[in-house]
Amino acid sequence: MEITTTMVRFRCPKTTMDIKTPKAQMFAFGKEQDKRVWVPETKIIVRPDNESDDLNECIMPKWLYGKTMLPMYTQVDEEFLHTENVETL
C-alpha cells in the first residue's frame, strides 16, 4: 500500500534550534525564546541550509507543521508530495 503525505520545506535560524534530544527537536521563538515548539525526531528532517550558514533547512509533514506555532514564525519555501510504500499484514 502507498501512503502519500504533503510535506513542507522551510528554513529556520540555527539559534532557535539549539536544543535537541534523541526523540525531539525544539524550536524556541519570541522574547527570550519563551515560545517553544517540540517536534518528534521521527517527523522532521533537519540539514544545513545551502544558502546561509545561519539557517537550517527543515522538512516535515504539512499536517504537523500546521498544528504547531511554526507557521507564526517561519515561512514555507516549498510544498511537495512524498510517497512511501507501507507493508500491510
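Above this text is the structure in question.
Summarised in this report is the structure supplied together with it. (Residues numbered from 1 in each chain as written. Predicted model: local features only at pLDDT ≥ 70, side-chain atom pairs only at ≥ 80, totals over all residues. Heavy atoms only, no water.)

1. Examining the overall build of the protein chain
Next, step 1: Tallying secondary structure elements over the protein chain gives two helices and six strands in all.
Next, step 2: Order of helices (α) and strands (β) in the protein chain, N terminus to C terminus: β-β-β-β-β-α-α-β.
Next, step 3: Along the first, second and third principal axes, the C-alpha set of the protein chain runs to 50 × 25 × 20 Å.
Next, step 4: Within the span of the protein chain, comprising 89 residues, buried residues form 33% of the whole.
Next, step 5: Across the protein chain, every contact between residues at least 6 apart in sequence was considered, and the portion connecting residues at least 24 apart equals 57%.
Next, step 6: As displayed, the protein chain has an accessible area near 6,300 Å², and 50% of this comes from carbon and sulfur atoms.
Next, step 7: For the protein chain, the centre of its 12 positive side-chain charges and the centre of its 15 negative side-chain charges are spaced 6 Å apart. (Helix = DSSP H or I, 4+ residues; strand = E, 2+ residues; numbered from the N terminus. Buried < 20%, exposed > 50% of the residue type's maximum accessible area, 1.4 Å probe, protein only. Contact = heavy atoms within 4.5 Å. Areas by Shrake-Rupley, 256 points an atom, 1.4 Å probe, with all protein chains shown as cover. Lys, Arg positive; Asp, Glu negative; His and termini not counted. Charge placed at Lys NZ, Arg CZ, Asp CG, Glu CD.)

2. Some points on the pattern of salt bridges
Next, step 1: Scanning the model with the defined rule gives eight salt bridges in all.
Next, step 2: With its nearest N and O atoms 3.2 Å apart, the salt bridge here joins Glu51 to Arg11. Here Arg11 lies in strand S1 (residues 2-13) and Glu51 lies in the loop between strand S4 (45-48) and strand S5 (55-61), a separation of 40 residues in the sequence.
Next, step 3: The partly exposed category is assigned to Arg11, whose relative accessible area is 30%.
Next, step 4: Among the ionic pairs, Arg11 bridges to Asp77, the shortest N-O distance being 3.1 Å. Remark: Asp77 occurs in strand S6 (residues 76-85) and Arg11 occurs in strand S1; sequence separation between them is 66 residues.
Next, step 5: Ionic contacts of the salt-bridge type, sharing partners, join the residues Arg9, Arg47, Glu57 and Glu78 into one network. (Salt bridge = Lys/Arg side-chain N within 4 Å of Asp/Glu carboxyl O.)

Nothing here speaks to function; it is all geometry.
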